[in-house]
Amino acid sequence: MPDGGWLFYRTGWDARSEDADAFLNANETGPHTPGMSVECAQWLAEEAPVIGVGVETVGTDAGTAHSFDPAFPCHSFLLGAGKYGLTQLQNLALLPPTGAVVIAGLPDPDTIGSGPARVLALVQR
């Protein structure tokens, strides 16, 4: 992984974005969406040279991450390490495995903890 780059976690979940029920995929036990393990989140936070992680799902954590130990490890580890999380991304399947330039217009983290962002990826043709 490049130093100062992003890791985009591509699952195809963005295909569900036009249907709120399918996108959240929730039942009586909560939402069920793809996500990474506790160990992966900790490694990304502590050892990977990336500045952040981007996902297609509603949050950076798996839908069942409330039951992980610790709960919501992406939020705990990544954000705790000063790294960023981008959610509900579209069209990650159109990006090359490496080499895209990412532009993310983020809110000021000192005044707003989170908010909408316009994320663009520039690729060479």
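Owing to the predicted nature of the structure, the values given are computational and were not obtained by experimental measurement. (Residues numbered from 1 in each chain as written. Predicted model: local features only at pLDDT ≥ 70, side-chain atom pairs only at ≥ 80, totals over all residues. Heavy atoms only, no water.)

### Quick notes on the sheet that holds strand β1 (residues 6-9)
Across the sheet, three strands lie side by side as β1-β4-β5; this open sheet has parallel pairing. The outermost strands of the open sheet, each flanked by one partner alone, are β1 and β5 (84-86). This sheet shows a mean twist of 15° between the axes of neighbouring strands, independent of strand direction. Note: β1 against strand β4 (residues 52-55), four bridges, orientation parallel. Residue pairing across strands places F8 opposite G54, the latter belonging to β4. (Pairing = 2+ DSSP bridges. Helix = DSSP H or I, 4+ residues; strand = E, 2+ residues; numbered from the N terminus. Axes fitted to C-alpha atoms, helices over the stretch in contact; angles between N-to-C directions.)

### A closer look at the environment of C74
Take C74: it is sitting in helix α3 (residues 73-80). With relative accessibility at 1%, the residue C74 sits in the buried group. With 62 residues separating them in the primary sequence, C74 and G12 have C-alpha atoms 19 Å apart. Those residues in contact with C74 that lie beyond four places of it in its chain are M36, A41, T60, D61 and L79. (Buried < 20%, exposed > 50% of the residue type's maximum accessible area, 1.4 Å probe, protein only. Contact = heavy atoms within 4.5 Å.)

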